[in-house]
Amino acid sequence: MELGIRSPVHATLFHHFSNSLLFPARLTLLNTTSSSFMATHLHVSSEEFDPSPSLAIGQHDLLIVGPGILGRLVAHNWRQEYSGCQVFGQTATTNHHRELTEIGINPSLKWTKASLKFPYVIFCAPPYQSSDYLGDLRLAASCWNGEGALLFTSSSAPYDCNDNGLCHEDSPVVPTGRSPRTDVLLKAEKIVLEFGGSVLRLSGLYKVDKGAHAYWLEKGIVESRPDHILNLIHYEDAASLSVAILKKQFRGRIFLGCDNHPLSRQEVMDLVYKSGKFSKKFEKFTGNNDCFLKCLFKHSNAGTTLVIVGTLRFSMISN
Ligand SMILES: NC(=O)c1ccc[n+]([C@@H]2O[C@H](COP(=O)([O-])OP(=O)(O)OC[C@H]3O[C@@H](n4cnc5c(N)ncnc54)[C@H](OP(=O)(O)O)[C@@H]3O)[C@@H](O)[C@H]2O)c1
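Residues numbered from 1 in each chain as written. Predicted model: local features only at pLDDT ≥ 70, side-chain atom pairs only at ≥ 80, totals over all residues.

Chemist: Even after reading the chapter, I still don't get the overall build of the protein chain, so can you show me in this structure?
Modeler: Scanning the protein chain from N- to C-terminus turns up 10 helices and 13 strands. Per-residue burial over the protein chain gives 44% buried out of 319 residues. Partitioning the contacts of the protein chain with sequence separation of at least 6, the portion at a separation of at least 24 is 80%. (Helix = DSSP H or I, 4+ residues; strand = E, 2+ residues; numbered from the N terminus. Buried ≥ 20, exposed ≤ 12 C-beta atoms within 10 Å, placed from the backbone. Contact = placed C-beta atoms within 7 Å.)

Quick look at the structure:
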């Protein structure tokens, strides 16, 4: 059962949310103490590292801008695909450099400011830590050498769907000017697409201790309607999906990543309760006429959408 949900390559990713709550130990990255590449010759330490222009970059080396939860899982998966490759991580601060080094990621604040070019670049830093997110995106894109792939992990927020209805890769996006949040994401996406990179719009990310359910559990009583539909994606699946897209070397494409198992807020919290894994008790949703904030993602079964979303869509690009 657990194996069945660990990889979205399997044709049945349904009930993913409930399964992962039942198997909270499925996040295995932290057990990864050995690495095919440790940064011995780079003298990486918790001090800031100055990227050397003479550093040799291999054909499968990967730069991760924003090696947080998702980025580290991507690094783990990437090294499984390409043992011996180098993985570089650019962060906003040096706070996590030591732990990144320990898991085989070469950390720096400056990879994208060096003259180095990388065959694979993934940008998975959220917007909130940067005063110039678009500038960061531009720098990251310009250090891609154009050979492998460039991928930006965006959000599903730009989709202009607010009625609990269907939403797919080609659904209309929020018009410019309506929301600063979506404006920034759409501009960021445009930069990446102009460079020939691709965009992965992710629905809400979760793992056992992080995500909407964890937030609601913490609050206990939530002033939102219980019947709002969510379609989330587990961090591990988002990482697998990102790696699959990188490997396929897509150019200029927009993908939607969600696990194709829509649940209402209430259903999510019912599963949390049934899992027996959480000591806190969620009380209730109290909203009844607040609007549907963001609907979404029931995957269109029409077969016309381009890729992704769990099940069959995912296997299309992972084969
Ligand atoms: N969370 C969600 O529900 C959700 C939904 C849709 C899409 N996404 C997207 O999914 C991606 C991954 O999210 P996550 O939860 O894995 O993020 P996360 O764990 O919060 O990642 C934070 C990492 O990004 C680094 N960082 C932040 N701003 C940076 C910048 N401007 N330049 C370089 N590094 C920067 C941080 O550096 P430090 O180590 O110095 O702190 C840290 O390593 C993001 O692109 C996010 O926007 C998230």
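On we go from here.
Chemist: What am I meant to see in the site of the ligand here?
Modeler: With respect to spatial proximity, 24 residues lie near the ligand, and among them Gly66, Gly68, Leu70, Thr93 and Ala125 are the closest. Secondary-structure elements contributing two or more residues to the shell around the ligand are α3 (69-81) and β5 (144-155). Classifying every residue of the shell around the ligand by side-chain character gives 10 nonpolar, 13 polar and 1 charged. (Near = placed C-beta within 6 Å. Nonpolar A, V, L, I, M, F, W, Y, C, P; charged D, E, K, R; others polar.)

Chemist: I would appreciate a short explanation of the sheet that holds β5 in the present structure.
Modeler: Neighbouring strands of a sheet are bound in pairs by backbone hydrogen bonds; such pairs are parallel or else antiparallel. The strand order β3-β2-β1-β4-β5-β6-β11 describes an open sheet built from 7 strands, whose pairing is parallel. Of all strands in the sheet, those bounded by a partner on one side alone are β3 (105-108) and β11 (254-257). Strand after strand, the sheet turns through a mean of 20° between neighbouring axes, direction not considered. Here 4 bridges tie strand β6 (residues 198-202) to β11, and the two strands are oriented parallel to one another. Bridge pairing links Leu200 to Phe255 in β11. (Pairing = 2+ DSSP bridges. Axes fitted to C-alpha atoms, helices over the stretch in contact; angles between N-to-C directions.)

Chemist: Please clarify how the confidence of the model for the protein chain should be interpreted in this entry.
Modeler: Any residue range with low pLDDT should be treated as having predicted coordinates unsuitable for detailed reading. Chain-level statistics for the protein chain give a pLDDT mean of 78 and a share of 74% at 70 or above. Across residues 1-47 the pLDDT falls below 50, and counting only partners more than four positions away or on other chains, this stretch makes 85 contacts in the model. In the model, residues 293-319 has pLDDT below 50 throughout and makes 74 contacts with residues more than four positions away in sequence or in other chains. (pLDDT = per-residue confidence, 0-100.)

Chemist: What is the right way to read helix α6 (residues 180-194) from this model?
Modeler: Think of an α-helix as 3.6 residues a turn; residues three or four steps apart then line up on the same face. End to end, α6 covers 21 Å across 15 residues, agreeing with the expected 21 Å (1.5 Å per residue, within 8%). Burial in α6 covers these residues: Leu185, Ala188, Glu189, Ile191 and Val192. Looking straight down α6, one finds its buried side chains confined to an arc of 155°; they lie on one side. Turned more than 90 degrees away from the buried face of α6, the exposed residues are Pro180 and Glu194. Residues of α6 that are buried sit in contact with α5 (133-142), β5 and β6. (Expected span 1.5 Å × (residues − 1). Arc of directions from axis to C-beta.)

Chemist: Honestly, the packing of helix α7 (residues 212-219) against helix α9 (residues 265-275) in this entry has me stumped. Any pointers?
Modeler: How two helices sit against one another is set out by the angle between their axes and by the gap between those axes. Running from N to C, α7 and α9 point in directions that differ by 75°, and their axes come no closer than 10 Å. In terms of axis orientation, α7 runs roughly perpendicular to α9. Taken together, the residues of α9 that come into contact with α7 (itself represented by Ala212, His213, Trp216 and Leu217) are Val268, Met269 and Val272. Grouping the constituent residues of the contact of α7 with α9 by class yields 6 nonpolar, 1 polar and no charged. (Parallel < 35°, antiparallel > 145°, perpendicular 65-115°, else oblique.)

Chemist: I would appreciate a short explanation of unusual backbone geometry in the present structure.
Modeler: Excluding glycine, a negative phi dihedral is what most residues carry, and trans is how most peptide bonds are arranged. The backbone of Gln249 shows a phi angle near 55°, a positive value even though the residue is not glycine. Within the fold, Gln249 resides in the loop between α8 (235-248) and β11.

Chemist: Honestly, the nonpolar core in this entry has me stumped. Any pointers?
Modeler: The nonpolar side chains of soluble globular proteins are, as a tendency, buried together. Among the nonpolar cores identified, the biggest contains 67 residues, and Leu63, Ile64, Val74, Val121, Ile122, Phe123 and Val192 are the most heavily contacted of them. Counting residues per element, this core draws most heavily on α8, at 8 residues. Dropping the residues within four chain positions of it, Val192 is found in contact with Leu137, Ala141, Leu150, Phe152, Gly197 and Val199. (Core = buried A, V, L, I, M, F, W, Y, C linked by C-beta atoms within 7 Å.)

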